[in-house]
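Notes for the structure review
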Amino acid sequence: MSEFYEKYWERASNSLGDFSLKWPKLSGFIPRESGVSILDFGCGKGEIIGAIKKLNPEAKCTGLDVSKIAIDFAAKDRPGAIFHVIEDGGKFPLADNSMDFIFSSEVIEHIYDTENAFREMSRVLKPDGEALLTCPYHGFIKNLAIILFGFDEHFSPTGPHVRFFSKKTLFSLLHQNRFEILKHGYYGRFYPISHSIFVLAKKNN
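None of these values were measured; they are calculated from a predicted model.

Regarding the packing of aromatic side chains
One pass over the full model with this rule turns up twelve aromatic pairs. Arranged with centres 4.9 Å apart and planes meeting at 75 degrees, the rings of Phe4 and Tyr5 form a pair that is edge-to-face. You can call Tyr5 buried: its relative accessible area is 7%. Positioned above the aromatic ring of Phe73, the side-chain terminus of Lys45 is 5.2 Å from the ring centre.

Next up, the structure:
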């Protein structure tokens, strides 16, 4: 997996293609408290951490990604934040109950070991801490449209997406890992063929 994403980030732009689509919808959930600890799980080259720091310069930001190329770029471009290279299925290099907030956008659909990823997010998040996750939306109507008009492209065997979440399966994984759903919504295009779903969830004690 890491080799795939080294090649991916070597070719990828420094700017996220969907940033302007999602950030107006998601930025309002970013904590503004001074000194709050924020984890960007799947941070890529650090664009979101840069945007978070503009909203909250006093936030203590940490980024995790499987790509060393992306992490090396982020570390140079975002001084003051902490970055770690991780492995899919591995333990996050963070202490239990150490983060106030987790942000992870368009990441979980790329992960093989999703059970580990959700378990690790729960482990490092403080009780009553919040997680904001997004992933491509897959609902009944959109799935029918994909089957009829875009199956080969959507499920391309050379594409980076290996998991496909419905609202039900996403909520189920969160519930299994001690998360309470606070809010959810959609962005991109229009419901029921929205581009993505977002979920804000709180870790229960």
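What about the side chain of Glu106?
Note on placement: Glu106 falls in the loop between strand S4 (99-105) and helix H5 (114-124). Look at Glu106: it is buried, it has no salt bridge, and the nearest opposite charge is Lys22 at 5.6 Å. A distance of 2.9 Å separates polar atoms of two side chains, one belonging to Glu106 and the other to Tyr187. Polar side-chain contacts of Glu106 include one of 3.2 Å to the side chain of Ser196.

Digging into the environment of Ala95
Looking at where Ala95 falls in the secondary structure, it is placed in the loop between strand S3 (82-85) and S4. A relative accessible area of 48% means that Ala95 is categorised as partly exposed. Through-space distance from the C-alpha of Ala95 to that of Arg123 is 8.2 Å; in sequence the pair is 28 residues apart. Non-local contacts of Ala95, meaning those with residues more than four positions away in its chain, are made with Arg123 and Val124.

Topic: the sheet that holds strand S7 (residues 196-203)
Overall, mixed pairing links the seven strands, which are arranged S3-S2-S1-S4-S5-S7-S6 in an open sheet. Among the strands making up the open sheet, the edge pair consists of S3 and strand S6 (179-187). Adjacent strand axes in the sheet meet at a mean angle of 15 degrees, parallel and antiparallel pairs treated alike. Across eight bridges, the pairing between S6 and S7 is antiparallel.

What to know about the packing of helix H2 (residues 19-26) against helix H3 (residues 47-55)
Contact geometry of H2 with H3 gives a least axis separation of 12 Å together with a crossing angle of 35 degrees. Classified by chirality, the crossing of H3 by H2 is right-handed. Listed contacts from H3 to Phe19, Lys22 and Trp23 of H2 are Glu47, Ile48, Ala51, Ile52 and Leu55. Residues belonging to the contact of H2 with H3 are distributed by class as follows: six nonpolar, no polar and two charged.

With respect to the environment of Val107
Turning to its location among the elements, Val107 is positioned in the loop between S4 and H5. Along the chain, Val107 and Tyr8 lie 99 residues apart, while their C-alpha atoms are 14 Å from each other. Look past the residues within four positions of Val107 in its chain and what remains in contact with it is Phe41, Gly42 and Thr134.

Re unusual backbone geometry
In this structure, Pro192 follows Tyr191 across a cis peptide bond, with omega equal to 20 degrees. With respect to the helices and strands, Pro192 occurs in the loop between S6 and S7. A positive phi angle, near 75 degrees, is found at Asp128, a position not held by glycine. Considering the arrangement of structural elements, one finds Asp128 in strand S5 (residues 125-136). The backbone phi angle of Arg178 is positive, close to 70 degrees, even though this residue is not glycine. Accessibility expressed as a relative area gives 41% for Arg178, which makes it partly exposed.

Cut-offs applied
- Residues numbered from 1 in each chain as written.
- Predicted model: local features only at pLDDT ≥ 70, side-chain atom pairs only at ≥ 80, totals over all residues.
- Heavy atoms only, no water.
- Phe/Tyr/Trp six-rings, centres within 6.5 Å; stacked < 30°, edge-to-face > 60°.
- Buried < 20%, exposed > 50% of the residue type's maximum accessible area, 1.4 Å probe, protein only.
- Lys NZ or Arg CZ within 6 Å of the ring centre and 35° of its normal.
- Helix = DSSP H or I, 4+ residues; strand = E, 2+ residues; numbered from the N terminus.
- Lys, Arg positive; Asp, Glu negative; His and termini not counted.
- Salt bridge = Lys/Arg side-chain N within 4 Å of Asp/Glu carboxyl O.
- Polar contact = N/O pair within 3.5 Å; in protein donor to acceptor, adjacent residues only side chain to side chain.
- Contact = heavy atoms within 4.5 Å.
- Pairing = 2+ DSSP bridges.
- Axes fitted to C-alpha atoms, helices over the stretch in contact; angles between N-to-C directions.
- Left-handed = near helix turned anticlockwise from the far one by under 90°.
- Nonpolar A, V, L, I, M, F, W, Y, C, P; charged D, E, K, R; others polar.

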